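Inside the fold
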Amino acid sequence: MASRSDALWKDQERLSMAPNRRPVMYQRWSHLTFLHWPVPTDLLQGLVPPELEIDTHDGQAYIGLVPFTMSGIRPIALPALPGLSAFHETNVRTYVHRSGREPGVWFFSLEAANRIAVQIARRWFGLPYFHADMRIEIQTDHLGYHSNRIEGRVKSEVEVRRRGEFAPAAPRTLEYFLIERYLLYSQHQGRLKSGVVAHQPYTFCPAVATRVQDDLISAAGIEVLGVPPLVHYSPGVDVRVFGLQTVNPSV
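Conventions we followed
- Residues numbered from 1 in each chain as written.
- Predicted model: local features only at pLDDT ≥ 70, side-chain atom pairs only at ≥ 80, totals over all residues.
- Heavy atoms only, no water.
- Buried < 20%, exposed > 50% of the residue type's maximum accessible area, 1.4 Å probe, protein only.
- Helix = DSSP H or I, 4+ residues; strand = E, 2+ residues; numbered from the N terminus.
- Pairing = 2+ DSSP bridges.
- Contact = heavy atoms within 4.5 Å.
- Salt bridge = Lys/Arg side-chain N within 4 Å of Asp/Glu carboxyl O.
- Phe/Tyr/Trp six-rings, centres within 6.5 Å; stacked < 30°, edge-to-face > 60°.

1. Remarks on the pairing of strand β5 (residues 101-112)
Along any regular strand, the residues point their side chains to alternate faces of the sheet. Within β5, 10 of the 12 residues are buried, which leaves it mostly tucked inside the rest of the structure. Sheet topology note: the strand β4 (residues 87-98)/β5 ladder contains 9 bridges and is antiparallel. Within β5, the residue paired with V96 across the bridge is G104. The turn linking β4 back onto β5 is made up of 2 residues, and S99 within it adopts a positive phi angle of 55°. Inspection of the sheet shows β5 paired to strand β10 (residues 183-188) by 2 bridges, in the parallel sense. The residue bridging W106 from the neighbouring strand is Y185, located in β10.

Printed below as a string of structure tokens:
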């Protein structure tokens, strides 16, 4: 299998450093579980904008399902607003780059348990958010994530068990490739745009999925079989969100 280029690894490491400008928003992401399945690259390539290429690790592409909860959400210079500052989310994502540089995330969908936040994210960031009824159940080493899209009857039920010790991802490993992503892409106002999120590296532990009944991935036009072979849990990070910038089509 083809090895990932040195330029992509260096760019991913570079993007982990916050840009020298003011963020537009603060957030806290907590109780994240990263579930990943290997998927044929050609299948994913046909589902992302032509300016982007699917990013692979040792020649393998991945689809991710990431449920978590958000809190402390507030625009810069404003306090957290009641009804908007905390809600659950689940996203379906894959990993992309542009001509061998700028590796980031492409979202196929994002479920959020807040109708107003969905409207804001769609309008301001061009991200495919959907309103859903959601809940998270947290026990000592077990977590349950439940999501039911308000329109469309698209559901996701995930139960996982944490195991092992917490540690950050070692550079240039599969875990680093999947988890340490600081750039997102979106189609907004007819143009491809990118946005940066900044946070400390995740501390995570291995986990195992004990139950996965999910419609979100298939709703994106992708089929996966069985429970995911790669599962990781993180207690969370504090996040700074930076505004979108139009991607230079010549790069």
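2. Points about the environment of G72
Along the chain, G72 falls in strand β3 (residues 61-75). Since its relative accessible area comes to 40%, G72 is described here as partly exposed. Between the C-alpha atoms of G72 and I116, which are 44 residues apart in sequence, the distance is 16 Å. G72 has contacts with Y26, Q27 and S85, leaving out every residue within four places of it along the chain.

3. Some details on the pattern of salt bridges
On inspection of all chains with the given rule, the structure shows 14 salt bridges. Of the charged contacts, one joins R172 and E13 as a salt bridge, the two residues approaching to 3.4 Å between their closest N and O atoms. Within this pair, whereas R172 is found in the loop between β9 (167-168) and α4 (174-179), its partner E13 is found in helix α1 (residues 6-15), the two being separated by 159 residues in sequence. R149 serves as the salt-bridge partner of E111, at 2.6 Å between the closest nitrogen and oxygen. Remark: R149 occurs in strand β7 (residues 142-149) and E111 occurs in strand β5; sequence separation between them is 38 residues. Of the two residues examined, E111 and R149, each falls in the buried class. One salt-bridge network, in which partners are shared between bridges, spans D6, K10, E13 and R172.

4. Comments concerning the packing of aromatic side chains
Across all of its chains, the model carries 6 aromatic pairs by this definition. Seen in terms of ring centroids, Y95 and F177 are 5.8 Å apart; in terms of plane orientation they differ by 65°. Their pairing is edge-to-face. Linking Y95 in strand β4 with F177 in helix α4, this pair joins segments that are 82 residues apart in sequence. Both residues of the pair, Y95 and F177, count as buried. Judged by centre distance (6.3 Å) and plane angle (70°), the rings of F166 and Y233 are edge-to-face. With a gap of 67 residues between them, F166 in the loop between β8 (155-162) and β9 and Y233 in strand β13 (residues 230-241) connect regions that are remote in the sequence.

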